[in-house]
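# Fold and contact review
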Amino acid sequence: QRIEKNGLLLFQFENLARFSDISHYVSTRKGGMSLGKYKGLNLGLDSGEELSTILNNRKLLAQTLELPLNRFVFSEQTQDRKSTRLNSSHRIRY
């Protein structure tokens, strides 16, 4: 499912949407406060961008989805076959 809200473009997977206890979203770069080579919705803490801008992007995402930021789990993109089962210990601590 495609979601456009507050200038952000997000997606949800239909096969996960049937689980009422899972909130999941895939973000794109559209929207956000980052400029230059990071232009858009940069959420990556290890990207080299100013930390305050990344945190503002994360806050914008949380506000857009009407979810508290401390409930989010942000992943890193890897080229690997490994998977991780997520639980509350993976949430971001602010």
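See above for the structure.
So, a few notes on the structure that sits alongside this text.

Conventions we followed
Residues numbered from 1 in each chain as written. Predicted model: local features only at pLDDT ≥ 70, side-chain atom pairs only at ≥ 80, totals over all residues. Heavy atoms only, no water. Salt bridge = Lys/Arg side-chain N within 4 Å of Asp/Glu carboxyl O. Buried < 20%, exposed > 50% of the residue type's maximum accessible area, 1.4 Å probe, protein only. Helix = DSSP H or I, 4+ residues; strand = E, 2+ residues; numbered from the N terminus.

### Some remarks on the pattern of salt bridges
Tallied over the entire structure, the rule returns three salt bridges. Of the charged contacts in the structure, one is a salt bridge between Glu4 and Arg2, with a shortest N-O distance of 3.2 Å. Overall, Glu4 belongs to the partly exposed group, its relative accessible area being 46%. Its salt-bridge partner being Glu66, residue Lys5 comes within 3.3 Å of it at the nearest N-O pair. Of this pair, Lys5 sits in strand β1 (residues 2–5) while Glu66 sits in the segment after α2 (51–65), placing them 61 residues apart in sequence. Each of Arg2, Glu4 and Lys30 takes part in one network of salt bridges that share partners.

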